[in-house]
Amino acid sequence: MSEPEVLARVEGALGHLTLNRPRSLNALTPTMIGDLHAALRDWADDPAVSAVLIDGAGDRGLCAGGDIKLLYAGIRGDSVVPLEFWTHEYRMNAAIAAFPKPFVAYMDGIVFGGGMGVSVHGSVRLVTARSSLAMPETAIGLAPDVGALYWYARMPGGLGTWAALTGARLGAGDALAAGLADLCWPVDGHAELVSRMRTGWVPRPVDGVAAPAASVTDADRAWIDDAYTRDTVDDIAAALAARPEPAAEASLALLRAMSPTAVKVTLAAVRRAATLTTVAEVLAQDLRVSSEFTRHPDLPEGIRAALIDRDRTPRWTPDRWEDVSDATVAAFFT
């Protein structure tokens, strides 16, 4: 028999969740989402469980996100309907955000997309020297979801908008500075973490180790804050084009490679998320936006180019953000 996709067990005082699809970098399936949510419901009122830990099997990372190939099949009518998948996923994300006991996320290695949804809403978020956090959805014709924009909208300056629009990868130092993590844990310290948490202990910021220096430097922040605090994509692009830094030029080229519709919708979504007061409200917005993307040609085309044919040449419709009207963007939020 194959192993379960989520290992859920009580070890002493610890409710221990392990995403268990290491060959797929623990990409989330509907079964995994259901199992995670069921365990949270069981443990919320279980007096034997004083805290929960989530981690990932294998040595590559916590989770690469939702299973995008399943999403593609769902859009084509060959698998679970995407709206059903997202409804259950976002409810599980909301349960993590509202969990009444310490929820510790071990964010080692790759933590992308849906991996952020099972970790960044936790009450104690641990990164390691090899952590890489990202919401890369605009590259496949989608907007960042799983409630992550709640946190991105609250990053300092233009950092969150830059990361949301371009899918930028943030290391441990960046994640701590941006408010996506609470402490850095040793790469070789996972076994110690589990052992100590079985006794009822919960890590605090003072228990962490020194994190690697942030990869986003003060020099980077100058052009990021100048450009990505602007109100429109056109204004962001103009500001990037006017900057002398090669990194700003590269960022503009990357922005133009993303789905134009996804870029403009994401900018609107992150600005709206800044006005919402809870993770649950952002998740409700995510559900509206994501469901609209299932009716847009860029999502299946982006998945095709990235993961099906792997030609890396998506044909976006339209292929310039200048041709995405304000009315088109507004329709994603109604």
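How each quantity is defined
- Residues numbered from 1 in each chain as written.
- Predicted model: local features only at pLDDT ≥ 70, side-chain atom pairs only at ≥ 80, totals over all residues.
- Heavy atoms only, no water.
- Helix = DSSP H or I, 4+ residues; strand = E, 2+ residues; numbered from the N terminus.
- Buried < 20%, exposed > 50% of the residue type's maximum accessible area, 1.4 Å probe, protein only.
- Contact = heavy atoms within 4.5 Å.
- Salt bridge = Lys/Arg side-chain N within 4 Å of Asp/Glu carboxyl O.
- Pairing = 2+ DSSP bridges.
- Axes fitted to C-alpha atoms, helices over the stretch in contact; angles between N-to-C directions.
- Polar contact = N/O pair within 3.5 Å; in protein donor to acceptor, adjacent residues only side chain to side chain.
- Parallel < 35°, antiparallel > 145°, perpendicular 65-115°, else oblique.
- Left-handed = near helix turned anticlockwise from the far one by under 90°.
- Nonpolar A, V, L, I, M, F, W, Y, C, P; charged D, E, K, R; others polar.
- Lys, Arg positive; Asp, Glu negative; His and termini not counted.

Asker: Is there a simple way to think about unusual backbone geometry in this case?
Answerer: Leaving glycine out, the prevailing phi sign among residues is negative, and the prevailing peptide bond configuration is trans. Geometrically, the link from T317 to P318 is a cis peptide bond, its omega value of -5° lying close to zero. Secondary-structure assignment places P318 in the loop between α14 (298–308) and α15 (326–331). Phi at N26 takes a positive value of approximately 60°, unusual for a residue other than glycine. Looking at the secondary structure, you find N26 in the loop between β2 (14–19) and α1 (30–44). For N26, a relative accessible area of 0% corresponds to the buried category. The backbone of R310 shows a phi angle near 55°, a positive value even though the residue is not glycine. Its place among the elements puts R310 in the loop between α14 and α15. A relative accessible area of 48% places R310 in the partly exposed class.

Asker: Sorry if this is basic, but what is going on with helix α6 (residues 159–166) here?
Answerer: Each α-helix turn comprises 3.6 residues. Residues three or four places apart therefore point the same way. Burial analysis of α6 places 8 of its 8 residues in the buried class, the great majority of the element. Burial in α6 covers these residues: L159, G160, T161, W162, A163, A164, L165 and T166. Its buried side turned inward, α6 meets α5 (148–152), α7 (172–178), α9 (218–228), α10 (233–242), α11 (246–257) and α12 (260–273). Phi turns positive, to about 70°, at G167, one or two residues after α6.

Asker: Mind showing me how you'd approach the pattern of salt bridges here?
Answerer: Where charged atoms of side chains with opposite charge meet at close range, the side chains can pair. All chains considered together, the criterion is met by 17 salt bridges. As a salt-bridge pair, D309 and R304 come within 2.9 Å of each other at their nearest N and O atoms. Between R320 and D323 there is a salt bridge, with its nearest N and O atoms 3.1 Å apart. The partly exposed category is assigned to R320, whose relative accessible area is 42%. When salt bridges that share partners are traced, they join D226, R230, R243 and E245 into one network.

Asker: Sorry if this is basic, but what is going on with the sheet that holds strand β8 (residues 132–134) here?
Answerer: Strand pairing in a sheet takes place through backbone hydrogen bonds and is either antiparallel or parallel in direction. Strands sit in the order β4-β6-β8 across an open sheet of 3 strands; the sheet is parallel. Bordering the open sheet on either side are β4 (61–63) and β8, each of which pairs with just one other strand. Strand after strand, the sheet turns through a mean of 15° between neighbouring axes, direction not considered. Direction of pairing for strand β6 (residues 110–112) relative to β8: parallel, over a ladder of 3 bridges. Looking at the pairing, I110 lines up with S132 of β8.

Asker: Can you help me understand the side chain of H121 in this one?
Answerer: Within the secondary structure, H121 sits in the loop between α4 (114–117) and β7 (124–127). In terms of polar contacts, H121 uses its side chain to reach the backbone carbonyl oxygen of V146, at 2.8 Å. With residues near it in sequence (within four places) discarded, H121 still touches N93, I96, A97, M116, V146, G147, A148, W151 and V279.

Asker: I tried to follow the packing of α1 against helix α3 (residues 82–97) on my own but got confused; where do I start?
Answerer: It is the contact of α1 with α3, at a shortest axis distance of 9 Å, that shows an interaxial angle of 30°. Taken together, the axes of α1 and α3 lie roughly parallel to each other. As for the relative orientation of α1 and α3, their crossing is left-handed in sense. Residues P30, I33, L36, H37 and L40 of α1 form the contact with α3, whose own contacting residues are F85, H88, E89, R91, M92, A95 and I96. Residue composition of the contact of α1 with α3, by class: 8 nonpolar, 2 polar and 2 charged.

Asker: Explain the packing of α6 against α9 here, please?
Answerer: In helix packing, the relevant descriptors are the interaxial angle and the interaxial distance, both defined with respect to the helix axes. Relative orientation of the contacting elements α6 and α9 amounts to 80°, with a least axis distance of 8 Å. As summarised for this structure, α6 and α9 are arranged roughly perpendicular, according to the angle between their axes. Residues L159, T161, W162, L165 and T166 of α6 touch α9, and the partners they reach there are R221, W223, I224, D225 and Y228. Partitioning the contact of α6 with α9 into residue classes produces 6 nonpolar, 2 polar and 2 charged.

Asker: Even after reading the chapter, I still don't get the side chain of D55, so can you show me in this structure?
Answerer: The topology assignment puts D55 in strand β3 (residues 51–56). Buried and without a salt bridge, D55 has R9 as its closest oppositely charged side chain, separated by 5.2 Å. At 2.8 Å, the side chain of D55 forms a polar contact with the side chain of H190. Sequence-distant contacts of D55, that is, excluding residues within four places in its chain, are made with H16, L17, T18, L19, L62, Y106 and H190.

Such coordinate-based values are descriptive only and should not be taken to indicate function.
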